[in-house]
Amino acid sequence: MKKFTFLFITAALILSLCSCSGSSAIQTDGGNKGITSTDNTDNSDTSLTKGSKESINDTSDEISTVSIDECDINTNDIVYDGENSKPPLTVSLSGKQLVENTDYTLSYDDETSIGKHHLTVTMKGSYSGSETVDYYILPPAAEITDVSSKVSDITISWNEVPNVDGYIIRYSEDKSLPDSSTKTAETKETSFTLEDLPENSTYYVTVSTTKNAGNEKLVSEPSEVIEAATKKIEVIDGVTYIDGVLIANKTYSLPESYGDGLREETLDAFNTMAADALNDGISLWIVSGFRSYETQTYTYQSFVYDRGVEEADRASARPGHSEHQSGLAIDVNTTSSEFEGTPEAIWLEEHCVDYGFIIRYPSGKEEITGYKYEPWHLRYLGKEKAAEIAASGLTIEEYYGITSRYS
Ligand SMILES: [Zn+2]
């Protein structure tokens, strides 16, 4: 790209004032500009070596000036910060930096917006000529603030960057984000979900901002590359785990022989919780803990007998699909809709997470969990996982991106 708008080459009139002689170079250094989606703005460094200049009349008393053609002008693009529209700039001659206002003056266009701008270098004193140099005010970069993943999704979020038109997400399984394997997506939102990814896969992701300026689409420097992986579904001896969390629902079943009682950690957590609840005047007890495959067969069958298959499936698990068989689920106090809204139910809603439990089948999530609201059914996850999932406001199915549906 030719940045100089003129080239006076009147060698005969040029008298070198510096000690050197021979060739000198004019460099047009555009600096590093962000990626642009159009190619007609190539801003790569270029170097133009002019032919030798002739020093003549060295001994003359006549006052002569050095043309700007002999000087190197270096500037860089800048990032929009709302106020500073002046890029760094140096003018030098044979490595010696000239002095602004003594050797040259600068005038800028009065634009402070993101886009392509120009400035004019006008030489003075012992130098002559002027040059107009282009530079870019680039959109500011974004910073990734949050990453979360499911079995087949990765969601990334970033800060909202003012004065830009949108964001470009680039992601690849290759850390170096090569063009050949990097996918891109654009959004105006401040988060984006990479969907339909294979489970247990690692991706590298960056975000850049974009701004349309004239007929160019300017792209900021990319954010830091973050690494994120989709979650892995592990099946060990017929039992499904995600993130170490046992999954038992309508999609994922337990082997017939699995389970031999309520797990010790479930019972310990319940006992601690019940003791603390009692201090608040709340009485809690377990009405159903572990249920074996055989027991569940009878439980489910009796639901079917009473209500038919369709209604039974909304309230009771088919054998092998009950969380009660895992030893990690308990029903407390009353397994009927009368429990809803009682002081006990409200206390559980507020406090069970502190003991490592979640309300497994919340209100309004039947389509997702496969079950009607059950304020009495608690699932033990341990304090850390329970807190994590409760804070997300999601069910286990939503949190991990899995289904609960009989095949
Ligand atoms: Zn239950």
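(A) View of the overall build of the chain. Assigned secondary structure in the chain consists of seven helices and 26 strands. Looking at the chain as a whole, 47% of its 407 residues are labelled buried. Counted over contacts in the chain with a minimum sequence separation of 6, partners at least 24 positions apart contribute 64%. Counting every atom, the chain has about 20,400 Å² of accessible surface; 46% of that belongs to carbon and sulfur.

(B) Region of the structure containing the side chain of His117. By the secondary structure assignment, His117 is in strand E9 (residues 115-123). By relative accessible area, which is 4% here, His117 ends up buried. In terms of polar contacts, His117 uses its side chain to reach the backbone carbonyl oxygen of Ser113, at 2.6 Å. Not counting residues up to four positions away in its chain, the partners in contact with His117 are Asp109, Glu111, Val133, Asp134, Tyr135 and Ile137.

(C) Quick look at the coordination of the zinc ion. Taken together, the protein ligands of the zinc ion are His324 (NE2), Asp331 (OD), Asp331 (OD) and His377 (ND1), with distances of 2.0 to 2.8 Å. For the zinc ion, the four donor atoms are set out with angles of 52 to 155 degrees between them, so the coordination reads as irregular. All donors of the zinc ion come from a single chain, and their spacing in sequence reads H-x6-D-x45-H. In this pair, His324 sits in the loop between helix H3 (309-315) and strand E24 (329-332) while His377 sits in strand E26 (residues 374-380), placing the two residues 53 residues apart along the sequence. In this structure His377 comes out as buried when scored by relative accessible area, which is 2%.

(D) Layout of the packing of aromatic side chains. This structure, assessed with the given rule, holds six aromatic pairs. A centroid spacing of 5.4 Å and a plane angle of 55 degrees characterise the contact between Trp158 and Tyr167, whose relative ring orientation is tilted. You'll find Trp158 and Tyr167 in the same group, each marked buried. Arranged with centres 6.3 Å apart and planes meeting at 25 degrees, the rings of Trp347 and Tyr355 form a pair that is stacked. For the pair Trp347 and Tyr355, one class covers both residues: buried. Here the guanidinium or amino end of Arg318 rests over the ring plane of Tyr406, the centre of that ring lying 4.0 Å away.

(E) Representation of the sheet that holds strand E22 (residues 245-247). Ordered by their spatial adjacency, three strands build an open sheet running E20-E21-E22, and the pairing between neighbours is antiparallel. Because the sheet does not close on itself, it has two edges, and the strands there are strand E20 (233-236) and E22. Ignoring which end each strand starts from, the neighbouring axes of this sheet average 40 degrees apart. Sheet analysis places E20 next to strand E21 (residues 239-242), joined by four bridges and oriented antiparallel. The residue of E21 that forms the bridge with Ile236 is Val239.

(F) Spatial organisation of helix H6 (residues 383-392). Along H6, the positions that sit buried rather than exposed are Lys385, Ala386 and Ile389. Buried residues along H6 cover an arc of 100 degrees about the axis, so they all sit on one side. What points out from H6, more than 90 degrees from its buried face, is the exposed set Lys383, Glu384 and Ala391. In this structure, the buried residues of H6 make contact with E22, strand E25 (357-361) and helix H7 (396-400).

(G) The arrangement of the environment of Thr403 in detail. Looking at where Thr403 falls in the secondary structure, it is placed in the segment after H7. For Thr403, a relative accessible area of 30% corresponds to the partly exposed category. As for Thr403 and Thr369, which are separated by 34 residues in sequence, their C-alpha atoms are 7.7 Å apart. Reaching out from Thr403, the side chain makes a polar contact with the side chain of Thr251 at a distance of 2.8 Å.

(H) The pairing of strand E6 (residues 89-93), seen in detail. With four of five residues buried, E6 lies mostly within the body of the structure. Sheet topology note: the strand E4 (residues 72-75)/E6 ladder contains four bridges and is antiparallel. Counted as the bridge partner of Thr75 is Leu89 from E6. Relative to strand E7 (residues 96-97), E6 is paired through two bridges, and the arrangement is antiparallel.

How each quantity is defined
Residues numbered from 1 in each chain as written. Predicted model: local features only at pLDDT ≥ 70, side-chain atom pairs only at ≥ 80, totals over all residues. Heavy atoms only, no water. Helix = DSSP H or I, 4+ residues; strand = E, 2+ residues; numbered from the N terminus. Buried < 20%, exposed > 50% of the residue type's maximum accessible area, 1.4 Å probe, protein only. Contact = heavy atoms within 4.5 Å. Areas by Shrake-Rupley, 256 points an atom, 1.4 Å probe, with all protein chains shown as cover. Polar contact = N/O pair within 3.5 Å; in protein donor to acceptor, adjacent residues only side chain to side chain. Donors = N, O, S within 2.8 Å, 3.2 Å for Na, K, Ca; no water. Tetrahedral: all angles 85-135°; square planar, octahedral: opposite > 155°, others 65-115°. Phe/Tyr/Trp six-rings, centres within 6.5 Å; stacked < 30°, edge-to-face > 60°. Lys NZ or Arg CZ within 6 Å of the ring centre and 35° of its normal. Pairing = 2+ DSSP bridges. Axes fitted to C-alpha atoms, helices over the stretch in contact; angles between N-to-C directions. Arc of directions from axis to C-beta.

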